[in-house]
Amino acid sequence: MAGALIGVGVGPGDPELLTTKALRALEAADRIFGPSMAVDAVGRAESIVREANPELRVERLVFAIRRDDQARSEAHRTAAARIVESLDAGERVAFITLGDPNVYSTFHHLARLVIEQRPEVRVDTVPGIMAFQDLAARAGMVVLDGTERLQLVSAVDGPQAVDDALADEDAAVIVYKGGRHLPAIAGRLEDEGRLDGAVFGELLGLPGERVGLVKQYGDAAAAYLATVIVPPRRRA
Ligand SMILES: C[S@@+](CC[C@H](N)C(=O)[O-])C[C@H]1O[C@@H](n2cnc3c(N)ncnc32)[C@H](O)[C@@H]1O
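All of these numbers come straight from a predicted model, not from anything done at the bench.

Novice: Could you give an account of the overall build of the chain, naming the residues involved and the relevant values?
Specialist: Helix and strand counts for the chain come out as 8 helices and 10 strands. Radius of gyration (C-alpha) of the chain: 19 Å, near the 18 Å computed for a compact globule of 236 residues. The principal-axis extents of the C-alpha atoms in the chain amount to approximately 60 × 35 × 35 Å. By the burial criterion, 46% of the 236 residues in the chain qualify as buried. For the chain, contacts bridging at least 24 residues in sequence account for 71% of all contacts bridging at least 6. Summed over all atoms, the accessible surface of the chain reaches about 12,000 Å², with 49% contributed by carbon and sulfur.

Novice: I'd like to hear about the pattern of salt bridges, residue by residue, with values.
Specialist: Inspection of the entire model under this criterion finds 20 salt bridges. The salt bridge involving Arg 60 is made with Glu 46; its shortest N-O contact spans 2.7 Å. One end of the pair, Arg 60, is in strand β3 (residues 58–62); the other, Glu 46, is in helix α2 (residues 44–52), and 14 residues separate them in sequence. In this structure, Arg 233 and Glu 169 form a salt bridge, with 3.1 Å as the shortest nitrogen-oxygen distance. Note that Arg 233 is positioned in the segment after β10 (226–230) and Glu 169 in the loop between α6 (161–167) and β7 (171–176), a separation of 64 residues in sequence. Here Arg 233 falls in the partly exposed class, since its relative accessible area comes to 29%. Three or more residues are tied together by salt bridges with common partners; here these are Arg 31, Glu 59, Arg 82, Glu 85 and Glu 91.

Novice: Give me the site of the ligand: which residues, what numbers.
Specialist: In the region of the ligand, 18 residues are neighbours, and Pro 12, Asp 100, Val 103, Tyr 224 and Ala 226 sit closest. Contact between the ligand and Pro 12: a nitrogen atom at 2.8 Å from a main-chain N or O atom of the residue. Considering the ligand on its own, with 560 Å² of exposed area, one finds that the protein chains cover 95% of that surface. Of the residues contributing to the shell around the ligand, the split by class is 13 nonpolar, 3 polar and 2 charged. When residues are assigned to domains, the shell around the ligand turns out to be shared by domain 1 (4–126) and domain 2 (131–230), each giving three or more.

Novice: Give me the packing of helix α3 (residues 69–88) against helix α4 (residues 107–117): which residues, what numbers.
Specialist: Contact pair α3 / α4: the axes reach a minimum separation of 9 Å and the direction vectors enclose 55 degrees. Comparing the axis directions of α3 and α4 gives the class oblique. The chirality of how α3 crosses α4 is right-handed. Where α3 approaches α4, its residues His 76, Arg 77, Ala 79, Ala 80, Ile 83, Val 84 and Leu 87 are matched on the opposing element by His 109, Leu 110, Leu 113, Val 114 and Gln 117. Its residues assigned to classes, the contact of α3 with α4 comprises 8 nonpolar, 3 polar and 1 charged.

Novice: I'd like a rundown of the packing of aromatic side chains, residues and numbers included.
Specialist: What describes a pair of aromatic rings is the distance from one ring centre to the other and the angle between the planes of the rings. Within this structure, the stated rule accounts for 4 aromatic pairs. Taken together, a centroid distance of 6.5 Å and an interplanar angle of 85 degrees make the contact between Phe 63 and Phe 95 edge-to-face. Of the two residues, Phe 63 is situated in the loop between β3 and α3 and Phe 95 in strand β4 (residues 92–97); the sequence distance between them amounts to 32 residues. Given a relative accessible area of 12%, Phe 63 falls into the buried group. Plain terms: the ring middles of Phe 95 and Phe 107 are 6.1 Å apart, the flat faces sit at 25 degrees to each other, and that makes the pair stacked. In this pair, Phe 95 sits in strand β4 while Phe 107 sits in helix α4, placing the two residues 12 residues apart along the sequence. In this structure, Phe 95 and Phe 107 share a single accessibility class: buried. Cation over ring: Lys 177 sits above Tyr 104, and NZ or CZ is 4.5 Å from the ring centre.

Novice: Go over the environment of Ala 136, please, and point to the residues and values.
Specialist: Within the secondary structure layout, Ala 136 lies in helix α5 (residues 131–139). Once residues within four sequence positions are removed from consideration, Ala 136 is found in contact with Met 141, Val 143 and Ile 229.

Novice: Outline the domain arrangement of the chain, listing residues and values.
Specialist: When the domains of the chain are assigned, the result is domain 1 (4–126) and domain 2 (131–230). Computed over C-alpha atoms, the centres of domain 1 and domain 2 are 27 Å apart. Across the boundary between the two partners, domain 1 contributes 11 residues, which contact 16 residues of domain 2. Contact between domain 1 and domain 2 buries roughly 970 Å² in total, counting both sides, with carbon and sulfur atoms accounting for 65%. For the interface between domain 1 and domain 2, the tally reads 0 salt bridges. Along the contact surface separating domain 1 from domain 2 lie 1 residue pair in polar contact (both at pLDDT 80 or more).

Cut-off values and rules
- Residues numbered from 1 in each chain as written.
- Predicted model: local features only at pLDDT ≥ 70, side-chain atom pairs only at ≥ 80, totals over all residues.
- Heavy atoms only, no water.
- Helix = DSSP H or I, 4+ residues; strand = E, 2+ residues; numbered from the N terminus.
- Rg over C-alpha atoms; globule rule 2.2 N^0.38 Å.
- Buried < 20%, exposed > 50% of the residue type's maximum accessible area, 1.4 Å probe, protein only.
- Contact = heavy atoms within 4.5 Å.
- Areas by Shrake-Rupley, 256 points an atom, 1.4 Å probe, with all protein chains shown as cover.
- Salt bridge = Lys/Arg side-chain N within 4 Å of Asp/Glu carboxyl O.
- Near = heavy atom within 4 Å.
- Polar contact = N/O pair within 3.5 Å; in protein donor to acceptor, adjacent residues only side chain to side chain.
- Nonpolar A, V, L, I, M, F, W, Y, C, P; charged D, E, K, R; others polar.
- Domains from an automatic or database assignment.
- Axes fitted to C-alpha atoms, helices over the stretch in contact; angles between N-to-C directions.
- Parallel < 35°, antiparallel > 145°, perpendicular 65-115°, else oblique.
- Left-handed = near helix turned anticlockwise from the far one by under 90°.
- Phe/Tyr/Trp six-rings, centres within 6.5 Å; stacked < 30°, edge-to-face > 60°.
- Lys NZ or Arg CZ within 6 Å of the ring centre and 35° of its normal.
- Buried area = accessible area lost by both parts, 1.4 Å probe.

Structure representation (structure tokens):
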């Protein structure tokens, strides 16, 4: 019988932001896989699931954060092979991911590799609350109003990613994966007159969380799990 694979978003960190639907999907799964840096390291998504329901067991798939494309594809192939093995055994398989499984997530890479080998497998996702939504709530920020737009950018390749987004003054700009470039991003916001009001959230809902203004924290690099929201330039 064809197995089923479900990508489950567990939210950014606070276990209370794991949805009822996500928890039900995890409780109904025969096996839950989660990304981790090493077999003996509890992944962020796994720690959220543990807090939400300590009875649930997560099997770790190792994805060390390496910029080397070949090493990354190799890790994806190994993980997909393990998932296929589990599906072949007739298990209902869940893969947990921080935030939402359809936004900057490893899930779709894995699902593609699985489908290449087992086209009959059904793939579904359960949406998750994203880090920027949690940050907006904690910072008391209205992200969008009226006809304003949203630009969500990844600064993994450098702070220049924010430049085009900032050119649209009616857009809120959300920067993901920019922790190591925070000082350079803060500098660009200042140059464009958009630093005031820009908020920063690091390790949201996790140990070591920091939430505040970019102005306050932008002088040093932050963790990989850091998010910036720049509000649209609002005229009175
Ligand atoms: C690989 S992406 C994962 C995004 C995730 N799928 C989502 O929907 O939010 C990782 C980026 O998400 C953001 N992020 C995820 N969790 C976060 C958290 N707890 N605190 C701050 N930023 C977080 C950071 O910008 C981080 O670099």
